[in-house]
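# Notes for the structure review
Each chain, written out:
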Amino acid sequence: HPVVLHISTIKGYGYDIAVKNKELWHWCDPFDRETGISKVTYPDETYFTVLNNYIMDRAKKDDNFLLINPSYAMCAELSEDQRKTLGKKYIDVGIAEEHAIAMASGAAKNGSNVLLMVDASFIMRTLDQTLQDLSLNENPTTILVHYSSVGCEDKTHTGIFTAPTFSNLPNLKVLAPTCKKELINMLDWSMDQKDYPVMIFVPRGDVSHRDVNTDFTLGKYLIEKNGENIAIIAVASMYQYAEKLLTDIKNKLNIDATLVNPRTISDIDCETLDIIKKNHKLIITMEDNSRFGGLGEKIADYLSDSDIKVKCFAPKKMFYDEYIEDVIFKKNDMTNEKILDYIEGAIKNI
């Protein structure tokens, strides 16, 4: 006869500090075993605290605000007291990301201004719901995705497949801010508009305070620095590497290259690309997600009938088991040295 065995586990069993605070110890940095105190220190301002402030402020002034969270309150460092303050404006659906998307779509359909927070490795579980329940119905929901980048924890917690997977779904707009100001601008735009479901990748690393003067416009690439011959189109966290690359190109090749921040990675800005191809010979795209199906390939496809050459630098399609960005960059010839070598050779042959 069939037998159902229900095993109830105790998270952190054997380590009392973890057992007493299961939420805090869902995940942890290296720590002192005697005290439980983390050995890693973080700055006072992180993108988690930026989102915490945004959420609490938005909830105060927006009667229709609704934060849906699949058991991931640490996405914005929301304390238990803050969650109680949010009251009915906060719903934790447990570890059920698929349901979170379906619920968000339904809530948005009924007038809620929905914000959903999730990790890149977990949003992959929701592909069916995002396609059928959300994108197909065009319900205006904002999805904040953390760790959609090359910084992996292991093969099961990787963020490099998020962009090529979701940026190719109809109706869903996928945005990639490069700094705090862009993140806030995109959040404000997305939470206020009623036309699209939107996915925003939270920047990785230390908070960047770049002075971006232009307000966000959907589908419009931002030319941050005008140059000639070479154009660098850098997505999300790759933008800071592209800034360094521009300096290296100038120092080694004496070329003032153009730097482009695409911001929207689900759409091609044909107008800006047409401008670039008039006085450039080479476009370099830099992405922190898997190359196949990424923005670089879309740009290369659009420009395939023109004389301009497009080279895409992004991780190959494979499972990585490294956490450190530099290791993945070296494996994929994405270091500045390798890109410079390619540019030097390509310019001579164009």
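Below you will find a few notes about this structure. (Residues numbered from 1 in each chain as written. Predicted model: local features only at pLDDT ≥ 70, side-chain atom pairs only at ≥ 80, totals over all residues. Heavy atoms only, no water.)

Turning our eyes to something else, we now look at the nonpolar core. One broad rule of soluble globular proteins: the nonpolar side chains tend to lie buried together. The biggest cluster of nonpolar side chains holds 39 residues, and the ones touching the most others in it are Ile68, Leu116, Ile123, Ile143, Val145, Met199 and Ile265. Here this core gets 5 residues from one element, more than from any other, and that element is helix α4 (residues 97-109). In this view, Val145 contacts Val118, Asp119, Ala120, Ile123, Thr162, Met199, Ile200, Phe201 and Val202; residues no more than four positions away in its chain are not counted. Val50, Leu51, Met117 and Met186 belong to the second largest nonpolar core, which has 29 residues in total. (Core = buried A, V, L, I, M, F, W, Y, C linked by side-chain atoms within 4.5 Å. Buried < 20%, exposed > 50% of the residue type's maximum accessible area, 1.4 Å probe, protein only. Helix = DSSP H or I, 4+ residues; strand = E, 2+ residues; numbered from the N terminus. Contact = heavy atoms within 4.5 Å.)

As a further point, take the packing of aromatic side chains. Counted according to the given criterion, the structure contains 9 aromatic pairs. Summarising the aromatic geometry, the rings of Tyr15 and Trp25 are spaced 5.5 Å apart at their centres and angled 70° between planes, so their arrangement reads as edge-to-face. Of this pair, Tyr15 sits in the segment before α1 (16-20) while Trp25 sits in the loop between α1 and α2 (47-61), placing them 10 residues apart in sequence. Ring plane angle 45° and centroid distance 5.6 Å describe the contact between Tyr15 and Phe31, whose orientation is recorded as tilted. With Tyr15 in the segment before α1 and Phe31 in the loop between α1 and α2, this residue pair connects regions lying 16 residues apart in the sequence. For Phe31, a relative accessible area of 24% gives the class partly exposed. (Phe/Tyr/Trp six-rings, centres within 6.5 Å; stacked < 30°, edge-to-face > 60°.)

This part takes up the pattern of salt bridges. One pass over the structure, following the stated rule, counts 18 salt bridges. Between Glu45 and Lys180 there is a salt bridge whose closest N-O contact spans 2.7 Å. You can see Glu45 sitting in the loop between α1 and α2 and its partner Lys180 sitting in helix α8 (residues 180-192), a full 135 residues away along the chain. Here the salt bridges do not stand alone but share partners, grouping Arg58, Asp62 and Asp192 into one network. (Salt bridge = Lys/Arg side-chain N within 4 Å of Asp/Glu carboxyl O.)

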